[in-house]
Amino acid sequence: MIDIYKKILEAKSGMQKLLAILLDPDKLDLNSIDSVISKINKSTATHILVGGSLFEGTHLDEIIISLKNNTHLPILLFPGNPSQISANADGILYLMLLSGRNPDFLIEHQVNAVPILENTNLEIISTGYILIESGSETAVERVSKTKPLDRNNIDYVAQTAKAGELIGNKLIYLEAGSGAKIAVPLEMISKVANQITIPLIVGGGIRSKTAIDDAFKAGADMVVIGTAFENDNNFFE
């Protein structure tokens, strides 16, 4: 069994930066997944995240099985709700929406996921998820019915991240949202990275290698790209 979190900690300790590709199962079909896998295998990615705010399909297991059979990267679920759990993945980011106050996304979905998770061998990684204002309404905001945190209130965001660590989260995920107009501010990444001792993930609105490098330099331990990877076949070239 892959010890995903241990390896993330080792990467942080060794100052090795990690890159995850986020795949939205709603935008994937089995007819096109071969080309997606080919792009992933040519990339510098270290992890694959699978999930989205909404998913109404029935092919999640097939997507993950195909990914596992044709890539060597660990596959982590990034679910919007318990219906997006597949026993075929390697692990799951067990998300708490720390930026919102909707009890469904703070604890209810997590409770409902327990009977499903107990029947899997997924590595469960408690993750504090913080949505940051990004210039437009994101799917996370619509589905969770919560407002993102003010991108200018950096101290409060850092305080929220630290609260997540003190609660027991193993990761903090700063998210601007899928297709965000603007990414998480670099100053915020730096402040949060200095406030917490656990690994920091940053995603949303990152559309270039320069933006990835800037997030790493600011203090992100893992950067997540999704929309840019989906839209640009030559992103890593």
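Just above, that's the structure.
Residues numbered from 1 in each chain as written. Predicted model: local features only at pLDDT ≥ 70, side-chain atom pairs only at ≥ 80, totals over all residues. Heavy atoms only, no water.

Novice: How should the overall build of the protein chain be read in this particular structure?
Specialist: Looking only at helices and strands, the protein chain features nine helices and eight strands. In terms of overall size, the protein chain behaves like a compact globule, its C-alpha atoms giving a radius of gyration of 16 Å where 237 residues would be expected to give roughly 18 Å. Each of the three principal axes of the protein chain carries a C-alpha extent, and together these read 45 × 45 × 35 Å. Counting all 237 residues of the protein chain, 55% fall into the buried class. Relative to all contacts within the protein chain whose residues are 6 or more apart in sequence, the contacts with residues 24 or more apart total 72%. Here the protein chain holds 20 positive side-chain charges and 28 negative ones, and the gap between their average locations is 6 Å. (Helix = DSSP H or I, 4+ residues; strand = E, 2+ residues; numbered from the N terminus. Rg over C-alpha atoms; globule rule 2.2 N^0.38 Å. Buried < 20%, exposed > 50% of the residue type's maximum accessible area, 1.4 Å probe, protein only. Contact = heavy atoms within 4.5 Å. Lys, Arg positive; Asp, Glu negative; His and termini not counted. Charge placed at Lys NZ, Arg CZ, Asp CG, Glu CD.)

Novice: Would you mind showing me how to read the packing of helix α7 (residues 186-195) against helix α8 (residues 209-218) here?
Specialist: To characterise two packed helices, one gives the angle between the axes of the helices and the distance between these axes. Running from amino to carboxyl end, α7 crosses α8 at an angle of 35 degrees, the nearest separation of the two axes being 8 Å. Residues L186, I189, S190 and A193 of α7 touch α8, and the partners they reach there are D214, A215 and A218. By residue class, the composition of the contact of α7 with α8 is five nonpolar, one polar and one charged. (Axes fitted to C-alpha atoms, helices over the stretch in contact; angles between N-to-C directions. Nonpolar A, V, L, I, M, F, W, Y, C, P; charged D, E, K, R; others polar.)

Novice: Looking at this model, I keep getting lost on the sheet that holds strand β6 (residues 171-175). Mind explaining?
Specialist: Two pairing modes exist for strands in a sheet, parallel and antiparallel, and in both the strands are linked by backbone hydrogen bonds. A barrel is described by the order of its strands in space; here eight strands give the closed sequence β1-β2-β3-β4-β5-β6-β7-β8, paired in parallel fashion. Direction aside, neighbouring strands of the sheet carry axes that sit 30 degrees apart on average. With seven bridges joining them, strand β4 (residues 91-97) and strand β5 (residues 123-131) adopt parallel strand pairing. Looking across to β5, one finds that M96 is bridged to G128. Each of β1 (18-23) and β8 (222-225) is contacted by α8, which is oriented at about 150 degrees to β8, the strand it contacts most. (Pairing = 2+ DSSP bridges.)

Novice: Explain the pairing of β1 here, please?
Specialist: Taken residue by residue, a regular strand's side chains alternate between the two faces of the sheet. The buried fraction of β1 amounts to six of the six residues, a majority that puts the element mostly inside the structure. Of the two faces of β1, the one carrying L18, A20 and L22 and the one carrying L19, I21 and L23 are both buried. Here β1 pairs with β8 via four bridges, running parallel. Bridging across to β8, A20 finds its partner in V224. Bridging between β1 and strand β2 (residues 47-50) involves four bridges; their strand directions are parallel. Each bridged residue has a counterpart across the sheet, and for L22 the counterpart in β2 is L49. The parallel pair β1 and β2 is bridged by helix α2 (residues 33-41), and the resulting crossover is right-handed. (Right-handed = clockwise from strand over helix to strand, strands pointing away.)

Novice: How should the environment of T46 be read in this particular structure?
Specialist: With respect to the secondary-structure elements, T46 resides in the loop between α2 and β2. In this structure, the C-alpha to C-alpha distance between T46 and L73, residues 27 residues apart in sequence, is 6.1 Å. Not counting the four nearest positions on each side in its chain, T46 is found in contact with L18, L19, L73 and P74.

Novice: What is the right way to look at the pairing of β2 in this model?
Specialist: On β2, burial covers both faces: H47 and L49 on one face and I48 and V50 on the other are all buried. The pairing of β2 with strand β3 (residues 75-77) spans three bridges and is classified as parallel. Looking at β3, one finds that L49 is bridged to L76. For the segment spanning β2, helix α3 (residues 60-70) and β3, crossover handedness is right-handed.

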